[in-house]
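Residue strings, one per chain:
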Amino acid sequence: MQKTMRSGLVPKVMLEEHEGLSDFIPHVSVVVPIKDEVDSLPHLLEAIASILTTHQLTYEIICVDDGSVDGSVKFLKEQGAIRSDLKVVILRRNYGQTAAMAAGFHYAIGRAIVTLDADLQNDPSDIPMMLAKLDEGYDLVSGWREKRQDKALTRLLPSKIANWLIRHITGVEIHDYGCSLKAYSAELVRDMNLYGELHRFLPVLAYIEGARITEVKVKHHSRRFGSSKYGLSRTFRVLMDLLTIVFMKKFLTRPMHVFGLLGVVATFSGAAIAIYLTYIKIYEQQEIGNRPLLTLAVLLLVTGIQLFCFGLLAELLMRTYHESQSRPIYRVREIVTKNHK
Ligand code: UDP
Ligand code: MG
């Protein structure tokens, strides 16, 4: 592999953390989450290495084993011991694809990070084109499996619906959230925390962080070896994650603006109705005990106060969220000054 100069793009802390492990910063770190893919792995490593070498890109492959039980670990350990372009991270148990990717991000030192599946469904030959897009100034390039090779009823249909929902609810215009083949600038990835099945929402999280996002059409093949780790139940988990994301996107910095407003509107309308009912009870001597309006007034008052309190609590939580991680509420793209040290 060629050696490249250390780039100012890589945060100092990452350099220190990996000091001694590696003395160069590759153009790209390819992160691959792996759960029982022993038959695909030799082909995958070969394909990544040959396409990147052909394009004269320096690289490291980070294989994250996510609790495989089929011999993947043995193969990876053997390869890790002899290949200088491979870093093998073995997790203690199966944590899921998102956690495996997060682990890969942690150990990646490249200037760009590319993720792809280990099952050869994504094609490494798309990587150089995606890196070229990053060079155009994008922070995230998402793959779009336009001709996706999966089962129509159990995979394509739910995915079409989920993508449509996510696109319309979040307003981030990407066709294929589920595509693992994505390229990121390293700084962007380091700003993001992943939970649940959130890796598919990385474009939305990135959008919240102010990233420039684009998508490119990529190749997709049917599975040659092994079987898919997911079924229909994933759709439900994705929908729940979508709720979380919508919440984060809307309320991350000022929850009180939303909950406070709703709370005030509910409390005031409840109070207005209650005053009206009191008025007709006292001055018009009407019976109000059996009126549905009374129930509505009480309901509005109670929910209004609850919403208000919830808003306050959310404000406190958000503050803890930002301050505990020293996360500023803004993101700097670059700083330009003549007096740079
Ligand atoms: N994977 C993983 N941990 C899991 C499930 C899957 O690391 O718990 C990996 C898997 O080995 C593959 C990628 O995530 O490299 C995508 O999984 P799969 O191909 O089963 O998903 P599909 O392409 O069918 O959506
Ligand atoms: Mg797959």
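Each value, and the rule that gives it
- Residues numbered from 1 in each chain as written.
- Chains lettered and ligands numbered in written order.
- Predicted model: local features only at pLDDT ≥ 70, side-chain atom pairs only at ≥ 80, totals over all residues.
- Heavy atoms only, no water.
- Helix = DSSP H or I, 4+ residues; strand = E, 2+ residues; numbered from the N terminus.
- Rg over C-alpha atoms; globule rule 2.2 N^0.38 Å.
- Buried < 20%, exposed > 50% of the residue type's maximum accessible area, 1.4 Å probe, protein only.
- Contact = heavy atoms within 4.5 Å.
- Areas by Shrake-Rupley, 256 points an atom, 1.4 Å probe, with all protein chains shown as cover.
- Lys, Arg positive; Asp, Glu negative; His and termini not counted.
- Charge placed at Lys NZ, Arg CZ, Asp CG, Glu CD.
- Donors = N, O, S within 2.8 Å, 3.2 Å for Na, K, Ca; no water.
- Pairing = 2+ DSSP bridges.
- Right-handed = clockwise from strand over helix to strand, strands pointing away.
- Near = heavy atom within 4 Å.
- Polar contact = N/O pair within 3.5 Å; in protein donor to acceptor, adjacent residues only side chain to side chain.
- Nonpolar A, V, L, I, M, F, W, Y, C, P; charged D, E, K, R; others polar.
- Core = buried A, V, L, I, M, F, W, Y, C linked by side-chain atoms within 4.5 Å.
- pLDDT = per-residue confidence, 0-100.
- Axes fitted to C-alpha atoms, helices over the stretch in contact; angles between N-to-C directions.

Brief notes about the overall build of the chain
Across its full length, the chain holds 11 helices and 7 strands. Taken against the 2.2 N^0.38 rule, which gives 20 Å for 341 residues, the C-alpha radius of gyration of the chain at 26 Å runs more than 25% over that of a compact globule. If you line up the chain on its principal axes, its C-alpha atoms span 90 × 60 × 35 Å. Buried positions account for 45% of the 341 residues belonging to the chain. For the chain, long-range pairs separated by at least 24 residues make up 79% of all intrachain contacts whose partners lie at least 6 apart in sequence. Total accessible area on the chain is roughly 18700 Å²; 60% of this is exposed by carbon and sulfur atoms. Charge centroids of the chain, computed over 41 positive and 36 negative side chains, lie 2 Å from each other.

Digging into unusual backbone geometry
Backbone geometry at Gln-56 places phi at a positive 55°, although glycine is not the residue there. Positive phi outside glycine occurs at Leu-120, with the angle close to 70°. Along the chain, Leu-120 falls in the loop between strand E4 (112–115) and helix H5 (127–135). The class for Leu-120 is buried, based on a relative accessible area of 12%.

Focus on the coordination of the magnesium ion (ligand 2)
For the magnesium ion (ligand 2), the full set of protein donor atoms is Asp-119 (OD) and Gln-121 (OE1), and the range of their distances to it is 1.9 to 2.0 Å. Each member of the pair, Asp-119 together with Gln-121, is buried.

Things to note about the pairing of strand E3 (residues 86–90)
Bridge count for strand E2 (residues 59–65) against E3 is 5 bridges, and the pairing is parallel. For Cys-63, the partnering residue across the bridge sits in E3 and is Val-88. As for the winding sense of the linkage, the β-α-β connection from E2 through helix H3 (residues 72–82) to E3 is right-handed.

Here we look at the site of ligand 1
In the region of ligand 1, 18 residues are neighbours, and Glu-37, Asp-66, Asp-119, Ser-228 and Lys-229 sit closest. Between ligand 1 and Glu-37, the relevant distance is 2.7 Å, taken from an oxygen atom to a side-chain nitrogen or oxygen of the residue. In this structure, Asp-66 approaches ligand 1 through a side-chain N or O atom, which is 2.5 Å from a nitrogen atom. When ligand 1 sits alone it has 530 Å² of accessible area, and the protein chains cover 95% of it. Here the shell around ligand 1 is composed, by residue class, of 4 nonpolar, 5 polar and 9 charged.

Regarding the nonpolar core
Looking at soluble globular proteins, one finds that nonpolar side chains tend to be buried together. Counting residues in hydrophobic clusters, the biggest one holds 34 residues, and the most contacted among them are Phe-105, Tyr-184, Phe-201 and Leu-202. Within the residue set of this core, elements represented by two or more residues are E2, helix H4 (97–107), helix H7 (186–190), helix H8 (202–208) and helix H9 (233–251). Counting 33 residues, the second-largest nonpolar core is a separate cluster that includes Ala-118, Leu-120, Ile-127 and Cys-179.

Describing the confidence of the model for the chain
On average, residues of the chain score 88 in pLDDT, and 93% of them are at 70 or above. Of the regions scoring below 50 in pLDDT, residues 1–20 engages in 40 contacts with residues more than four places distant in sequence or in other chains.

Digging into the sheet that holds E2
Strand order in the open sheet formed by 7 strands is E3-E2-E1-E4-E6-E5-E7, and the pairing between neighbours is mixed. The open sheet has two edge strands with one neighbour each: E3 and strand E7 (213–218). The average undirected angle you get between the axes of adjacent strands in this sheet is 20°.

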